[in-house]
Amino acid sequence: MAANCTFVCCEEQIDTDKAAIVQFSNGNLKHAEQLDFTFYKHTDEEHPRKKSRRMLVAESDRLSYVGNNFGKGSLKCNNLCKYYVGVLNKDTMEMEMHSAQLFKMQPFIPGEAKTADQVDDANRTYADKMDSLVEAFGTTKQKRALSSRRLNNVEADSLTKVVEQAANSVIEERGFAALSEELHEANTQHDMALYIPPCNPDAKRPVDVYLFDDVLSPAAYDELAEAGSKMAAYAAEGLQKLKDDHCLSVIKHLESLPSGREAREKMLRCCAYLHMLLLLARERRVNGKS
């Protein structure tokens, strides 16, 4: 039958009284009694960040291990939650609960790590050093911003290589001549866009998609007064000439002229302008003087 035990909560403990739970990066130890553990703390006990720094060193005849609760090699879980260890007293059958912190023990080779750090520090830029300071001592918001920037950062050399590889694959697949032709068509469309009036994509009515003054300037509208009078004569005498010119769209508008004077005059001038555009579109060669 299993024996019963009672839990005993210890008094509030300081950081030096916390139990250490170690985790070795290269596996589990079979003979932990052969290791000599030494616990170090920072000498500056007034600094709000440095006073809680701890370092645990495990030494053996073959290799030494070092773990700390700060820096790159530390476990972030110490900042996210609290750990407790129960110590059972077999005589009184009471289990005392003690606060604990985790240490990840990594092998330490004297000389190599120092030389590597010195070489790495000499090659780093000022921005890299500032990022290291933020990573070690920055606030949670600063660390989150640093991590986001590193995820979105793409080196220029890598990006250039990717673009070159993509361009070469497209050229090999489609051919240089086809790409040159597409580029020429794109440039032609760009040139045509210079003569197309600006479009209003947020227009609520069809008449507001292209403004009348953008299609036909006020100066050109005034010049069409005489041509509009001729269109009025066509509408009065008959539309046979326009039928001969195959200007069916112009005939359709002339057959349904508005009754108002200003609206009628505007429609006649627009019909004259449309008639000239249709005639010019059919001409193979246009003389600027005409």
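On a predicted model such as this, the values are computed, not experimentally measured, just so you know.

Q: Give me the overall build of the protein chain: which residues, what numbers.
A: Of the regular secondary structure elements, the protein chain holds 12 helices and seven strands. Across the 290 residues that make up the protein chain, the buried fraction comes to 15%. Across the protein chain, contacts joining residues at least 24 apart in sequence account for 51% of those joining residues at least 6 apart. Surface summary for the protein chain: the accessible area is close to 23100 Å², and the carbon and sulfur share equals 53%.

Q: Can you break down the layout of surface pockets residue by residue, with the values?
A: Remark: the empty space left among the atoms is shown by a probe the size of a water molecule rolled over them. Size it by volume and the second largest pocket reaches roughly 390 Å³. In terms of lining, the second largest pocket is formed by 15 residues, of which the most central are Phe212, Val215, Leu216, Cys270 and Tyr273. Those elements that provide at least two residues to the lining of the second largest pocket are helix H7 (212–215) and helix H12 (261–282). It is H12 that contributes the most residues to the lining of the second largest pocket, seven residues altogether.

Q: How would you summarise the state of the cysteines if you had to cite specific residues and measurements?
A: All chains considered together, the criterion is met by zero disulfides. The structure places no disulfide on Cys270, whose sulfur is separated from the nearest cysteine sulfur, that of Cys271, by 7.1 Å.

Q: Before we move on, could you go through the environment of Leu35 and cite the residues and values that matter?
A: The residue Leu35 is located in the loop between strand S2 (19–24) and strand S3 (36–41) in this model. With a relative accessible area of 10%, Leu35 lands in the buried category. As a C-alpha pair, Leu35 and Ser60 span 25 residues in sequence and 5.1 Å in three-dimensional space. In this view, Leu35 contacts Phe24, Leu29, Ala58, Glu59 and Ser60; residues no more than four positions away in its chain are not counted.

Q: Please set out the pattern of salt bridges residue by residue, giving values where relevant.
A: Following the criterion strictly, the structure yields two salt bridges and no others. A salt bridge links Arg205 to Asp208; the shortest N-O distance between them is 3.0 Å. Among the ionic pairs, Glu265 bridges to Arg269, the shortest N-O distance being 3.0 Å. Note that Glu265 and Arg269 are positioned in helix H12 at a spacing of four residues, about one turn of the helix. For Arg269, a relative accessible area of 12% gives the class buried.

Q: Can you tell me about the packing of helix H3 (residues 126–137) against helix H4 (residues 140–152), naming the residues and giving the values?
A: What describes two packed helices is the angle between their axes and the distance between those same axes. For the pair H3 and H4, interaxial distance at closest approach is 9 Å and the crossing angle is 135°. The orientation of H3 relative to H4 falls into the category oblique. Note on packing geometry: the crossing formed by H3 with H4 is left-handed. From H3, Asp131, Val134, Glu135 and Ala136 reach across to H4, where they touch Gln142, Lys143, Leu146, Arg149 and Arg150.

The rules behind these values
Residues numbered from 1 in each chain as written. Predicted model: local features only at pLDDT ≥ 70, side-chain atom pairs only at ≥ 80, totals over all residues. Heavy atoms only, no water. Helix = DSSP H or I, 4+ residues; strand = E, 2+ residues; numbered from the N terminus. Buried < 20%, exposed > 50% of the residue type's maximum accessible area, 1.4 Å probe, protein only. Contact = heavy atoms within 4.5 Å. Areas by Shrake-Rupley, 256 points an atom, 1.4 Å probe, with all protein chains shown as cover. 1 Å grid on protein atoms, 1.4 Å probe; cavity = no way out; pocket = protein on both sides within 12 Å on 5 of 7 lines; lining within 4 Å. Points joined across faces, edges and corners; volume = space filled by probe spheres on them. Disulfide = S-S within 2.5 Å. Salt bridge = Lys/Arg side-chain N within 4 Å of Asp/Glu carboxyl O. Axes fitted to C-alpha atoms, helices over the stretch in contact; angles between N-to-C directions. Parallel < 35°, antiparallel > 145°, perpendicular 65-115°, else oblique. Left-handed = near helix turned anticlockwise from the far one by under 90°.

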